[in-house]
Amino acid sequence: MQATESSTGVRHDVKGVAELLKSANSGALLVVDAITGLGTTHFDVDAWGVDIMIGGSQKAVMIPPGLSYLSVSQRAWEAMETSLNPRYYFDLRKERKNAKNGESAYTPAVALIAALGAALDYIAAQGGGDLAAGRKALVDNAETCAAMTRAAVDALGLKLFAPDAPAAVATAVLPPAGVDSGVIVKDLKSRFAAVITNGQGEMKGQIFRIAHIGFFDYMDTIAIVGALEQVAASALKLPGFEFGKALAAAQKAYVEQTTKAASETLEAVGAR
Ligand SMILES: *Cc1c(COP(=O)(O)O)cnc(C)c1O
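Criteria and thresholds
Residues numbered from 1 in each chain as written. Predicted model: local features only at pLDDT ≥ 70, side-chain atom pairs only at ≥ 80, totals over all residues. Heavy atoms only, no water. Salt bridge = Lys/Arg side-chain N within 4 Å of Asp/Glu carboxyl O. Helix = DSSP H or I, 4+ residues; strand = E, 2+ residues; numbered from the N terminus. Buried < 20%, exposed > 50% of the residue type's maximum accessible area, 1.4 Å probe, protein only.

> Could you clarify how one ought to interpret the pattern of salt bridges in this entry?
Side-chain pairs of opposite charge can arise whenever the charged atoms involved come near each other. As enumerated under the stated definition, the model contains seven salt bridges in all. Between Glu-264 and Lys-136 there is a salt bridge, and its shortest N-O distance comes to 3.4 Å. Linking Glu-264 in helix H9 (residues 245-271) with Lys-136 in helix H6 (residues 131-156), this pair joins segments that are 128 residues apart in sequence. Here Lys-136 falls in the buried class, since its relative accessible area comes to 17%. Among the charged side chains, a salt-bridge network with shared partners connects Glu-81, Asp-91 and Arg-93.

See below:
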């Protein structure tokens, strides 16, 4: 399954699916595409019983594409011993053997691994040098930017594409009826040099997507909400539109989210 889906802004219930699989006792392995989930969503991989979780360098870790990494459960290691699926390069057992000596089975993308080290140092610095605390800060930041954006969109009178389960990686928004979402994307870019994206494939023109991943924070979010108000004022005929409503909603969401995240951090420190 996917943890979060960047083309639709949907968040999937990884914990719920893991529980279902456990209770079904089928022996099926849970493999999670967390390419955009990692760094934007809180996961407890071991406690939930996720067998394989896959991340990619190009998303919340903020480095160039080309590197992927994954976690492997004991059950998944055991399944590899009996699996008859052909494999050569992607035989993780070879990697595991070599990793014991600090080596990889084949020539790795050394430059990307060095970049990953720098990115992890940056993330750790967000948590005062502690990588786990930094990861929490990275996820909390994405969740905060996403909550601010959802509140702003709602205040404008626009609808989310995935209102029941919105992801923190990106917010997908429906344009007003009869408006091509490309107009909003183009206007933001040409007037404010602000880059958001259109829908993909058959969703082109149907949604616009605002990302919250990686090196993106409160300042960027406030700026994009302000610019979106300008676009709404000039290009969208939204009933009841008033300057400042979306910004005020984003400001309130910021206070709520950061208060919540801070109390979770205090609880976590207390538990330790
Ligand atoms: C980005 C992404 C991928 C990888 O897609 P690329 O086109 O290789 O970047 C896979 N899964 C999800 C959920 C993603 O967001």
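> When you look at unusual backbone geometry in this model, what are you seeing that I'm missing?
Leaving glycine aside, a negative phi is the common case for residues, and trans is the common case for peptide bonds. Of note in this structure, Asn-25 is not a glycine but carries a positive phi near 50°. As for its placement among the helices and strands, Asn-25 is situated in the loop between helix H1 (14-24) and strand S3 (31-33). Of note, Met-62 is a non-glycine position whose phi angle comes to about 70°, a positive value. On the secondary structure map, Met-62 appears in the loop between strand S4 (52-56) and strand S5 (68-72). Given the relative accessible area of 29%, Met-62 is considered partly exposed.

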